Every structure is written in structure tokens, then in C-alpha cells.
Amino acid sequence: MTHDHPVAPARGASRPFGRLLTAMVTPFTADGSLDADGAARLAHHLVDEQGADAVVVNGTTGESPTTTDAEKERLIRVVVEAVGDRARVVAGVGTNDTRHTIELATTAEKAGAHGLLVVTPYYNKPPQAGLLRHFTAVADATGLPVMLYDIPHRAGVPIETETLVRLAEHGRIVAVKDAKGDLMATSWVTSRTELAFYSGEDALTLPALAIGCVGVVGTSTHFTGALTQRMIEAHDAGDGATALALHRRLLPLFTGIFRSPGTILVKAGLAAKGLPAGPVRPPLVDATPEEIAQLRADCAAADLALPE
């Protein structure tokens, strides 16, 4: 079984973006500017070495709050050119301004993106009617499939079950990156809609699969991608013992990558492996020697040692 031909899970829900998506960091040069060549190299690594079916660019892991609209467009074009013939490129376009989000979405479509990731508008805490209007307006603006990103602990508000059910009626709203951490709510939505749910929390991927989710949008998958693919494939094949063994093996890194904001530790780990990463932009700060030492320990615990 290869990740080029995803197998549909129960109840007919499709895998519109494959099984394994990695929320890619945005490589910068030493002076903090966009490293376009590095982005292409990193995308190659994630798809060819780590088994990603899709990469998400311009998400929060990609430091979208600190990249310009022009940098976002450039990054999409570079990554589509690098891997778009064999993996899907999903562009993060969500902001807390519907008009700006639509502008980013239409630009992403023109730049060649295969899909859009649209996060819940953050900080301004719109009511559910506002979320419905926001997501519908963005989905109406392009011909691309849309993955909603439900992450209430960062956005400030959840996308409630009834709102998700209504949004599922839109022909282009096809998936959810689910970082709500509420498997009961997820179960209700997956039982009532054909939305493809992807775990937005690496460590919850296996239990999420058990209730009808179809894959993961991961951060630790910069390093765990190939084994996470094997875990999902084992689950699909009914080999629960192998899936559980891989889950337990990878748990130290599934969780450890978030000891600091994931972007910080992913970039530190990539640098250790000689892969493109570069510094983070303020207000993030680069990993300390102590944080890097802990990351090495977490990698070792997952039997995925980082080079010294």
C-alpha cells in the first residue's frame, strides 16, 4: 500500500488531501529573509523522504503571522513547482479579516495551490453566525477545496457541531483540521457529515482514526512522517497491534515537539539534520541549548536520533 493511492475509510468519507499532511515551516536565510531554494529542498524532503501526501504552507507553523502577502505567494509558487506533481500543496489563508482572507485565497489559487486551509478567525471571537458567513464567503471565492481549521485554544472560539454540519453542505468545504481535542464532538460531526477530519494534534492521530478521522496534519511529521504513514496504513489494514506500537514509539516526539511552540523546535531539529530551516522571526525566539538537548532526548526516546 502506498500513500499515492489513499484508501477510503469507513462511511465513504474521502481523503481529499491524502493521509499525511505536514504543516511545513518556512525556511529563512541567516538574515531572516525568505529562503525560497530552502523551501523547495524542504518540500522535497517532506514528500520524498518523509512520505507526506501533502504539505501545508503559510500555516502558523510556517510563521504566517510574520510573513508578508508577497512572501506567501512566492512560497506557494516555489513549493508547487518543487513537489506539486506528486503531492498536494495546501495554502494557509486564514486571518481574522474575511476580506483579507479572500484576497489570500484568490492569490493562492492563482499561484497554483491545490487547496486552502482556513483557520477560525482569532482574537475577535465572532459568533457562530459570523463563522458561518466567514467560511462560506472564503469557500465561495475560489474553486479550490477548503479545509477548515478548528483550534479553539488559539482562536478563542470553537466551530460548534451545528456550524460544522451546516458548513458541510458547501460543495467546496471538504475537510477539517481538528485541533479541538474533543473526540466526542468530532464523532458527532463525522457521523452526520461527509467531512474528512484530519487530526490537528499529532498524538491524537491514532484515536482520531478509530472514530472516523482520515489522517493527520502534523508538525512532528517533519521527522516522524514515514513512521506516521506506516501507523495509519497499519490502522487501515486492521493491524491494530502495529498501529499501537508505532503510536507508543512516536509519542515522545508527537508531544515533545510542542514543549516550545512547534516551529521553534522543528527548525532546531531540521538545522541539526542539515536541512533548510534558518532562524524564526520575532516574536518567536530560537531554541536554547537546553531546549535542543531536550529535543535530542525526545527524538532518542522515539528511536529517531538527531545528529550531534
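Model, not experiment: these values are computed from the prediction.

Colleague: Can you explain the UniProt feature "active site" (unreviewed entry) in the protein chain? Please cite residues and give values.
Modeller: Taking the UniProt record as the reference, the feature "active site" (unreviewed entry) is found at Tyr149 and Lys177. These annotated residues cover 29 residues of sequence, and their C-alpha atoms all fall within 4.7 Å of one another, placing them together at a single site. Note that Tyr149 resides in strand β5 (residues 146-150). Of the residues examined, Tyr149 reaches a relative accessible area of 9% and is grouped as buried. Beyond its immediate chain neighbours, meaning those up to four positions away, Tyr149 contacts Leu117, Val118, Val119, Thr120, Ile159, Lys177 and Ala179.

Colleague: I'd love a proper account of the packing of aromatic side chains, names of residues and values included.
Modeller: Tallied over the full model, the rule gives one aromatic pair. Relative to Tyr198, the ring of Phe17 lies with its centre 6.4 Å away and its plane at 55°, an arrangement referred to as tilted. With Phe17 in the segment before β1 (20-23) and Tyr198 in strand β7 (residues 196-199), this pair connects stretches of sequence that are 181 residues apart. Positioned above the aromatic ring of Phe28, the side-chain terminus of Arg281 is 4.1 Å from the ring centre.

Colleague: Can you lay out helix α10 (residues 240-256) for me, pointing to particular residues and giving the numbers?
Modeller: With 17 residues, α10 ought to run about 24 Å at 1.5 Å a step, and its terminal C-alpha atoms sit 24 Å apart, in line with that. The largest bend along α10 measures about 50° and falls at Leu250, with the proline Pro252 one to four residues further on. Along α10, the residues that are buried comprise Ala243, Leu246, His247, Leu250, Leu253, Phe254 and Gly256. Along its buried surface, α10 packs onto α8 (205-210), α9 (221-236), α11 (262-272) and α12 (289-301).

How each quantity is defined
Residues numbered from 1 in each chain as written. Predicted model: local features only at pLDDT ≥ 70, side-chain atom pairs only at ≥ 80, totals over all residues. Heavy atoms only, no water. UniProt positions renumbered as here; feature names shortened; annotations may be inferred. Helix = DSSP H or I, 4+ residues; strand = E, 2+ residues; numbered from the N terminus. Buried < 20%, exposed > 50% of the residue type's maximum accessible area, 1.4 Å probe, protein only. Contact = heavy atoms within 4.5 Å. Phe/Tyr/Trp six-rings, centres within 6.5 Å; stacked < 30°, edge-to-face > 60°. Lys NZ or Arg CZ within 6 Å of the ring centre and 35° of its normal. Expected span 1.5 Å × (residues − 1). Bend = angle between axes of the 7 residues up to and from the residue.

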